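Observations on chain architecture
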Amino acid sequence: MAYDAVVIGAGPNGLAAAIVLAQAGCSTLLLEAAETIGGGCRTAEITLAGFRHDVCSTAHPLGRGSPFFRRLPLARYGLRWIHPPAALAHPLDDGEVVLLRRGVEETASGLGVDARTYRKQVDAFNRLWPRLESRLLGHPFRWRLDPGADLKLASLARPASWEARRFRSQAARSLLAGAAAHTVMPLDKPFTGGVGWLLLVAAHRYGWPFVEGGSQALADALAACFLEAGGEIETRRRVTDLADLPPARVVLADVVPSALEAILGREERHGRKTRGRRGFRHGPGVFKLDWALSEPVPWKDARMATAGVLHLGGDFDQIAATERMVWAGEIPERPFIVAAQPSLFDRSRSPAGMHTLWAYTHVPSASAVDMRAMVEQEIERHAPGFGDTVVACHTISASQWEDYNPNYVGGDIGGGVLGVRRLLRGPYPGWSPYATDTDGVYLCSSSTPPGGGVHGMCGYHAAQVALRKINAG
């Protein structure tokens, strides 16, 4: 059978692209190599029966705020968002706990001398948010001139080390550091400050919510939307060559550039990169842990139990030093940890009275070092007796991620290093960030603008480009 479009990869971007095409009346086939759809949005019992763990992404500020997801009737397909009382808790070594809450005033009031500065910065983003959002998540180079929004957008290129100078307290500086470290880059690199602010502002606008039942429920809701529009899904269908595909007018690939190059028969040889991948590279990896617990984490400060997400690893200076070491290929002495405790707010995640804990830490690319002991030591610093609650633990090192998902090269779960080219041009040269140098083949993964995160906008924009090709005949 011939199709108008074939989409390779059923992650959030592949699903978004497939929905756009199917809703436009195109016959669309979505192929997924794994047993289940979802990509970075999968949930599985990877420790013990009855404990449901998010394998990759878990809290979804960008998913809740995605312009494309917002326009879909996902609640009709079972999607429910869960908002903990606090989006984030960040404990410091002196016993202080910084809380990021939905309310700007609630958050600012905990920042002492920096309350006014924080409030002023968030208010400035909020006033421009609709215009900024259209640029940040819109198609590059389709902006109308807007000096106010454009000036604010340019400020997002500042490093976190520069932005931290606004603050005098360790509380405010550390809150920004933890958010900025989600870039998996040293905090003196461009864009780290901008990403930090965007994640903080997103917490106030959309929260950092979990999906009831696990992140898989978001992928399942997107798939239901696609199937209702007339699309077809095949799982356990790995594509290694374009010849493996049925005839189609366009092909969209929710994969990283190296995977697409392999499908196109142009793998790297003798260490040289193909023409289509100039300027693109992968960043450090992550070491991921999931625990089944006999009880909630015994935090020293009860406020930690009100937060969905946790940032552990010290203050701004400590986090900055840790990220520099990882970037330089070294294992940090004290890891920066992003953790989440969804079962406190979603009882479907674990058996009655028991709980789950999700966490990852940054490590050099393809590192095989087992970070479990170091991570648990850092958790024990803030929750003495944590080890006694552990019933089971599942880990996956940076070197193992590619076995789970070939798109996570060296454990890089973000689709590549953040930079101007990736944010604006994508990995291939040409007129569109989504078009490749093979006619009718488009890249729709997080390696294209607007980049990483569960928002589906890379797939949405790539599908719009592919639709023009289809409609042009």
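Conventions adopted
Residues numbered from 1 in each chain as written. Predicted model: local features only at pLDDT ≥ 70, side-chain atom pairs only at ≥ 80, totals over all residues. Heavy atoms only, no water. Helix = DSSP H or I, 4+ residues; strand = E, 2+ residues; numbered from the N terminus. Rg over C-alpha atoms; globule rule 2.2 N^0.38 Å. Buried < 20%, exposed > 50% of the residue type's maximum accessible area, 1.4 Å probe, protein only. Contact = heavy atoms within 4.5 Å. Pairing = 2+ DSSP bridges. Axes fitted to C-alpha atoms, helices over the stretch in contact; angles between N-to-C directions. Core = buried A, V, L, I, M, F, W, Y, C linked by side-chain atoms within 4.5 Å. Lys, Arg positive; Asp, Glu negative; His and termini not counted. Salt bridge = Lys/Arg side-chain N within 4 Å of Asp/Glu carboxyl O. Phe/Tyr/Trp six-rings, centres within 6.5 Å; stacked < 30°, edge-to-face > 60°. Arc of directions from axis to C-beta. Parallel < 35°, antiparallel > 145°, perpendicular 65-115°, else oblique. Nonpolar A, V, L, I, M, F, W, Y, C, P; charged D, E, K, R; others polar.

Here's the deal with the overall build of the protein
Looking only at helices and strands, the protein has 17 helices and 16 strands in total. Relative to its length of 473 residues, the protein is compact, with a C-alpha radius of gyration of 21 Å against a globular reference of 23 Å. Residue burial in the protein is summarised as follows: out of 473 residues, 59% are buried. Taking the contacts inside the protein whose residues are at least 6 apart along the sequence as the reference set, 74% of them involve residues at least 24 apart.

Details of the sheet that holds strand β16 (residues 441–443)
As summarised here, the arrangement of the five strands in space is β9-β2-β1-β10-β16, forming an open sheet in which the pairing is parallel. Of all strands in the sheet, those with a lone pairing partner are β9 (232–234) and β16, marking the two edges. The mean angle between the axes of side-by-side strands here comes to 20°, regardless of whether they run parallel or antiparallel. The strands that helix α10 (residues 216–228) touches are β2 (28–31) and β9; relative to β9, the one it contacts most, it runs at about 130°. This element, helix α17 (residues 457–471), spans β1 (3–8), β10 (248–253) and β16 of the sheet and lies at about 165° to β10.

Description of the pairing of strand β11 (residues 285–293)
Burial within β11 is extensive, with nine of its nine residues counted as buried. A two-sided burial pattern is seen for β11, the buried positions comprising Gly285, Phe287, Leu289, Trp291 and Leu293 on one face and Val286, Lys288, Asp290 and Ala292 on the other. Two elements, β11 and strand β14 (residues 355–363), share nine bridges in a ladder whose sense is antiparallel. If you follow Ala292 over to β14, its bridge partner there is Thr356. Pairing of β11 with strand β15 (residues 390–396), which is carried by six bridges, proceeds in the antiparallel orientation. Each residue of the ladder has a partner; that of Ala292, found in β15, is Ala392.

Section: the nonpolar core
Among the nonpolar cores identified, the biggest contains 53 residues, and Leu100, Tyr118, Leu175, Leu187, Trp197, Leu200 and Trp208 are the most heavily contacted of them. The next biggest cluster of nonpolar side chains, apart from the first, holds 46 residues, and it includes Leu30, Cys41, Tyr442 and Ile470.

So, the sheet that holds β11
Consider a sheet: its strands pair through backbone hydrogen bonds, and that pairing is either parallel or antiparallel. Pairing within the open sheet is mixed, and its seven strands lie in the order β7-β6-β12-β13-β14-β11-β15. Edge positions in the sheet fall to β7 (97–101) and β15, since each of these pairs with one other strand and no more. Within this sheet the neighbouring strands show an average axis-to-axis angle of 20°, counted without direction. Alignment of strand β6 (residues 86–91) against β7, held across five bridges, turns out to be antiparallel. If you follow Pro91 over to β7, its bridge partner there is Val97.

A closer look at the pairing of β14
Where burial is concerned, most of β14 is hidden: nine out of the nine residues are buried. Burial along β14 is two-sided: the residues His355, Leu357, Ala359, Thr361 and Val363 and Thr356, Trp358, Tyr360 and His362 are all buried. Relative to β14, strand β13 (residues 337–340) runs antiparallel, the two sharing four bridges. Across the sheet, Ala339 pairs through a bridge with Ala359, a residue of β14.

Some details on the side chain of Glu323
Here Glu323 is to be found in helix α12 (residues 316–327). For the buried Glu323, no salt bridge is present, and the opposite-charge side chain at shortest range is Arg324, 10 Å distant.

A closer look at the pattern of salt bridges
Taken as a whole and judged by the stated rule, the model has 21 salt bridges. Taking the shortest distance from any N to any O, the salt bridge between Asp317 and Arg173 comes out at 3.5 Å. Remark: Arg173 occurs in helix α8 (residues 170–180) and Asp317 occurs in helix α12; sequence separation between them is 144 residues. Overall, the relative accessible area of 44% leaves Asp317 in the partly exposed class. Arg173 sits in the buried class, given a relative accessible area of 17%. The partner of Lys469 in a salt bridge is Asp439, and the shortest N-O contact between them spans 3.0 Å.

A few points about the packing of aromatic side chains
On inspection of all chains with the given rule, the structure shows 11 aromatic pairs. Note on Phe210 and Phe345: the rings are 6.5 Å apart at their centroids and 20° apart in plane angle, and the pair reads as stacked. Residue Phe210 is located in strand β8 (residues 210–211), and its partner Phe345 is located in the loop between β13 and β14; the two are separated by 135 residues in the primary sequence. Owing to a relative accessible area of 0%, Phe210 belongs among the buried residues under this scheme. By the ring-pair criterion, three or more aromatic residues cluster together here, those being Tyr118, Phe125, Phe167 and Trp197.

So, the environment of Phe167
Residue position: Phe167 is located in the loop between α7 (160–163) and α8. The contact partners of Phe167, leaving out residues within four places of it in the chain, are Asp114, Thr117, Tyr118, Ala172, Arg173, Leu176 and Trp197.

Here's the deal with helix α13 (residues 372–382)
Where α13 is concerned, the buried positions are Val375, Glu376, Glu378, Ile379 and His382. For α13, the angular spread of buried residues about the axis comes to 155°, placing them on one side. More than 90 degrees from the buried face of α13, the exposed residues found are Ala373 and Gln377.

Remarks on the packing of helix α5 (residues 115–136) against helix α9 (residues 192–205)
Packing of α5 against α9 brings their axes to within 10 Å, and their N-to-C directions diverge by 90°. Our classification of the angle between α5 and α9 gives roughly perpendicular. Between α5 and α9, the residues in contact are Tyr118, Gln121, Val122, Phe125, Asn126, Trp129 and Leu136 and Trp197, Leu198, Leu200, Val201, His204 and Arg205, respectively. Broken down by class, the residue content of the contact of α5 with α9 amounts to nine nonpolar, three polar and one charged.

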